[in-house]
Amino acid sequence: MRAQDLVVEETATEDAVTVDTDLPGQVHETLADYLEIRITECRDIDPAFAEAVRELARFVLGGGKRIRPAFAWWGWRAAGGAAEGRQATAMLRAASALELIQTCALMHDDLIDDSDTRRGHSTVHVRFAETHRNERWNGSARRFGTAAAVLLGDLAMSWADDMVRSSGLPGACLARAMQPWQAMRTEVLAGQYLDILGQARGDESPEAALRIDELKSASYTVQRPLQFGAELGGADAATMAALSRFGADIGVAFQLRDDLLGVFGDPDVTGKPAGDDLREGKRTLLVAEAFGRARQHGDQSSLDVLHSVLGEEDPHPSQVQQARQVLEHLGAVRAVEDRITTLTEKAMATLETTDLPEPAATRLAELAIAVTDRNA
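Residues numbered from 1 in each chain as written. Predicted model: local features only at pLDDT ≥ 70, side-chain atom pairs only at ≥ 80, totals over all residues. Heavy atoms only, no water.

1. Considerations on the nonpolar core
Put simply, the test is: Nonpolar cores were defined as sets of buried Ala, Val, Leu, Ile, Met, Phe, Trp, Tyr and Cys residues, with membership established by side-chain atoms within 4.5 Å. For every residue, the accessible area (1.4 Å probe, protein chains only) is compared with the maximum for its type, and the residue is labelled buried under 20%, exposed over 50%, or partly exposed between those bounds. Elements are defined by DSSP. Helices are runs of H or I of four residues or more, strands are runs of E of two residues or more, and each kind is numbered from the N terminus. Only heavy atoms enter the contact rule, under which two residues are in contact if any of them lie within 4.5 Å.
Ranked by internal contacts, the top residues of the largest apolar core, which has 80 residues, are Phe-71, Trp-181 and Leu-232. By residue number, the principal contributor to this core is helix α7 (residues 141-165), which donates 10 residues. When residues no more than four places from it in sequence are discounted, the contact partners of Leu-232 are Trp-76, Met-91, Ala-94, Leu-169, Cys-173, Leu-174, Arg-176 and Ala-177. One finds Val-287, Ala-290, Val-320 and Leu-343 within the second-largest nonpolar core, a separate group that totals 30 residues.

2. Here we look at the pattern of salt bridges
Cut-off, in case you're wondering: Salt bridges are counted wherever a side-chain nitrogen of Lys or Arg sits within 4 Å of a carboxyl oxygen of Asp or Glu.
For the coordinates displayed, the defined rule picks out 28 salt bridges. Note that Glu-36 and Arg-54 form a salt bridge whose closest N and O atoms lie 3.1 Å from each other. With Glu-36 in helix α1 (residues 23-45) and Arg-54 in helix α2 (residues 47-61), this residue pair connects regions lying 18 residues apart in the sequence. We classify Glu-36 as partly exposed; its relative accessible area is 36%. Taking the relative accessible area as the measure of exposure, Arg-54 reaches 27% and is therefore partly exposed. Notably, a salt bridge pairs Arg-279 with Glu-280, separated by 3.6 Å at the nearest N-O pair. Glu-280 carries the same exposure label as Arg-279, and that label is buried. The network of salt bridges with shared partners includes Asp-109, Asp-110, Asp-113, Arg-118, Asp-195, Lys-216, Asp-276, Arg-279, Glu-280 and Lys-282.

3. Notes on α1
Rules: To estimate how far a helix should reach, multiply one less than its number of residues by 1.5 Å. Any N or O atom pair separated by 3.5 Å or less is treated as a polar contact, with the protein-specific requirement of one donor-capable and one acceptor-capable atom, and with residues adjacent in sequence counted only for side-chain atom pairs.
The end-to-end C-alpha distance of α1, which contains 23 residues, comes to 33 Å, matching closely the 33 Å that a straight helix rising 1.5 Å per residue would cover. Backbone nitrogen of Gly-25 and a side-chain oxygen of the N-cap are separated by 3.2 Å at the start of α1; the cap is Asp-22.

4. Focus: the environment of Ser-308
Tracing the backbone shows Ser-308 in helix α14 (residues 300-309). Judged by relative accessible area, Ser-308 falls into the partly exposed class, the value being 35%. A sequence separation of 28 residues divides Ser-308 from Val-336, and the C-alpha atoms of the two residues are 22 Å apart. Within polar-contact distance, the side chain of Ser-308 engages the backbone oxygen of Val-305 at 2.7 Å.

This is a description of form; function is not addressed.
This is the structure in structure tokens:
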């Protein structure tokens, strides 16, 4: 069977399935089924290509919180979308496609950041480079790994579009949802570019950090997936506006929590090296707050500590620990925590004053807490 035929295949028990009850599990199964079909297609092209694509599938299915499909699903349910039946199954496919965009973003992000690990395992470009070395192929192993990760990331992005268009949702629904879908793909790349531009320029302003958060995370992770699901569900203007406000606030709060974890997270939990954001030289709001406070108080020693570790390719653990102490001493950590709290409370107030159906209202509130109060 071809991927484009997925729309017409229905299981005998489909109408008995309620996606609400195990959304992450059903996203996983949906992706596994879809990817197996695409791998079969690739095998007809060339077995070596199919083997490479299996690495893509392993990455997609090997972890992840399924946050973006969750927000898309509950946007759909908030708009009155069905919890079971053919339309729900079609929506599940469309929502699951967001994980393929996430796969593209992570593969390319790991290349940009020159990261060796992701989710506690070797990154895709590192794995392909290792294969090249083990097989003693010609040329540079590093360049081969880079090229393979770029191509597989591009393939994941292409398949995300394919998965949405073959989901089985009516054409009119898909047409409505294309605006947030297309905006999301552009905005995440804009945020990624501004991120590397800020590192290159050494931009330490809070305004620049927040703009990156809005584009790279708030829009991509929460706001646009919510809008995507709500548009597919036929939400009215008032519901769309409320979900957009909620999504913007929770999205930024999500990224701010991520920024804290990028410096203070436990590598055994996050799957990334300790202080990874410091090594990469990321100009996050956490760092911007610290720079601003140090300059305000004329604290040159703190500035020296931060400058010595930011962008340092292989910082000593003692450097990372010293930078952490400076961030706490300057009050930057407290400032970011306070902003997360303020944004989350604002988002919750939006939910409380909006007439959303249950269980969507409760589940969105639970999601908001889950993504802003986490350790990974």
